[in-house]
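Read off the chains here:
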Amino acid sequence: MIRTHQKVFLLSVLLLYALTACNNSAGNSSNNNAQPDSNALPPVETQKPNTNYKPAFPGQTRAPGAKTETPLAITVIDSTLENPWAICPLPDGRFLLTQNKGTMCIVSADGRSKKQITGLPAVVSDGQGGLLDVNIDPDFSNNRVLYWTFSEKRAEGTLLSVAKGKLSTDESKVEDALVIYRATPAFSGNLQYGSRILFDKAGNLLVSTGERSAKEIRDQAQDLNSSLGKIIHITPDGDAVPGGPFANKSKARPEVYAYGLRNPDGLAWNPETGELWEAEFGPRGGDEINIIHAGRNYGWPVITYGIEYSGEKVGHGTQTLVGMEQPVYYWDPVISPGDITFYDGDMIPEWKNNLFVAGLSSMHIARLIIKDGKVIGEERLLQDKGERFRALAMGKDGALYAATDGGKMYRIAKK
């Protein structure tokens, strides 16, 4: 005969077994949402959000906190830059940087030498415009060709332009500069041009473009016959890459790769999965990280986790809609994300395949730990420096490099 206390014990064992089986089943489900570590730190964001909007899935915002265990050596290698906007690593370990008012420079990995580069077309250095991103041709070691984006004056206003040219042998100027693509239509405002440049495996360009901010034009992020608020896919000559997702659609530009973006200032390839990741400014709340897929609609300004700067809803105040992609992660309040880069070096193993996001208004670098396409941890780095972080790059030496609006270039390495 089973006594009462034995019955209680057996029931406890059976309950524990059932819970364990349930947890194992959930972990093997096709949903595959990365679950936070029960020992993780509290979320790094402690401020009240701008809205009471709810995330579409667990971990979409305010992921558990994380802390780098590796002791870090943080040094300023240059403090004389002039409003740097982008950092591009060169094959020999140096860095090519753009400076917002219209010049480039080459900085050595230790910051002890710097060369100024001129010869670029005139830029409109006003508001959020100026000389923006730069990247080198995949065959740069042989052809010395550069590609860059900038805000250009046109009769109808300003627009984002993509240009290319050849770096002179003495590295003092860009030769044969040529605009290969213009993100039309032009507009009279001076905000939200984007943009970043990446190369695909075939050597074609992926360029992110902003939607220019103002209410009277931002709806063009949803218009396939506009270049605004898009990821554009073009050849080195500026033509649409054949076979694009909208190549055979009437009233659509064949170079459009993805759409529904607000102000995409970050673009990077995930070295582990080969996916294209993007970061963009939200309005008041709703900064986003997205995985970009060809032909997909990322929602702006129809869906968003942010609100107008006035405090009003954006549109109908909608966060989810069938046919529109959800961000992998969002921030509310905002961090104002600039450049992004994945860490694929060996110097700091715990950072392997983590995503780093330059924070402007937040004045820090966000480290995002990624698992199965979800953010499972977030850390704030260099928050004590009081700097607006604009650009990021992985160095050939395995260190992380960052440039700030204040003209500094940081090296972040293992101590």
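Here, the structure is the one placed above.
Analysis parameters
- Residues numbered from 1 in each chain as written.
- Predicted model: local features only at pLDDT ≥ 70, side-chain atom pairs only at ≥ 80, totals over all residues.
- Heavy atoms only, no water.
- Buried < 20%, exposed > 50% of the residue type's maximum accessible area, 1.4 Å probe, protein only.
- Helix = DSSP H or I, 4+ residues; strand = E, 2+ residues; numbered from the N terminus.
- Pairing = 2+ DSSP bridges.
- Axes fitted to C-alpha atoms, helices over the stretch in contact; angles between N-to-C directions.
- Contact = heavy atoms within 4.5 Å.
- Polar contact = N/O pair within 3.5 Å; in protein donor to acceptor, adjacent residues only side chain to side chain.

Engineer: Explanation requested: the pairing of strand S7 (residues 145-154) in the structure shown.
Structural biologist: Looking down a regular strand, the side chains alternate between one sheet face and the other. Most of S7 sits out of view: eight of its 10 residues are buried. Where strand S6 (residues 131-136) meets S7, four bridges bridge the pair, whose relative direction is antiparallel. Note that in S7 the partner of Val134 across the bridge is Trp148. Two strands pair when backbone bridges link them, and S7 and strand S8 (residues 157-167) are joined in this way by 10 bridges, in the antiparallel orientation. Among the inter-strand pairings, Lys153 is bridged to a residue of S8, identified as Thr158. Connecting the antiparallel pair S7 and S8 is a turn made up of two residues.

Engineer: How do you make sense of the sheet that holds strand S19 (residues 355-359) when you look at a structure like this?
Structural biologist: Judged by pairing direction, the sheet is antiparallel, and its four strands sit side by side in the order S18-S19-S20-S21 without closing on themselves. The sheet terminates laterally at strand S18 (337-342) and strand S21 (374-381), the two strands that pair on one side only. On average, adjacent strands in this sheet sit at an angle of 25 degrees to one another, irrespective of strand direction.

Engineer: What should I look at first to understand the environment of Ser188 in this one?
Structural biologist: As for its placement among the helices and strands, Ser188 is situated in the loop between strand S9 (174-187) and strand S10 (197-199). Among the residues examined, Ser188 registers a relative accessible area of 67% and is labelled exposed. The sequence separation of Ser188 and Glu156 amounts to 32 residues, and the corresponding C-alpha distance is 7.1 Å. Leave out the neighbours within four places in its chain, and Ser188 touches Glu156 and Gly157.

Engineer: Any chance you could explain the environment of Thr68 here in plain terms?
Structural biologist: Its place among the elements puts Thr68 in the loop between helix H1 (4-27) and strand S1 (72-78). Along the backbone, Thr68 and Glu379 are 311 residues apart, and their C-alpha atoms lie at a distance of 7.9 Å. With residues near it in sequence (within four places) discarded, Thr68 still touches Glu350, Trp351, Arg367, Glu379 and Leu381. At a separation of 3.3 Å, a polar atom in the side chain of Thr68 contacts the side chain of Arg367. Here Glu379 takes part through its side chain, which lies 2.6 Å from a polar atom of the side chain of Thr68.

Engineer: Can you help me understand unusual backbone geometry in this one?
Structural biologist: If a residue is not glycine, its phi is most likely negative; likewise, a peptide bond is most likely trans. Put simply, Thr184 and Pro185 share a cis peptide bond, and its omega is 10 degrees. The residue Pro185 is located in strand S9 in this model. Between Asp332 and Pro333 the backbone carries a cis peptide bond, its omega angle lying at 5 degrees. Position of Pro333 among the secondary structure elements: in the loop between strand S17 (329-331) and S18. Despite not being glycine, Glu171 has its phi angle at roughly 60 degrees, a positive value.

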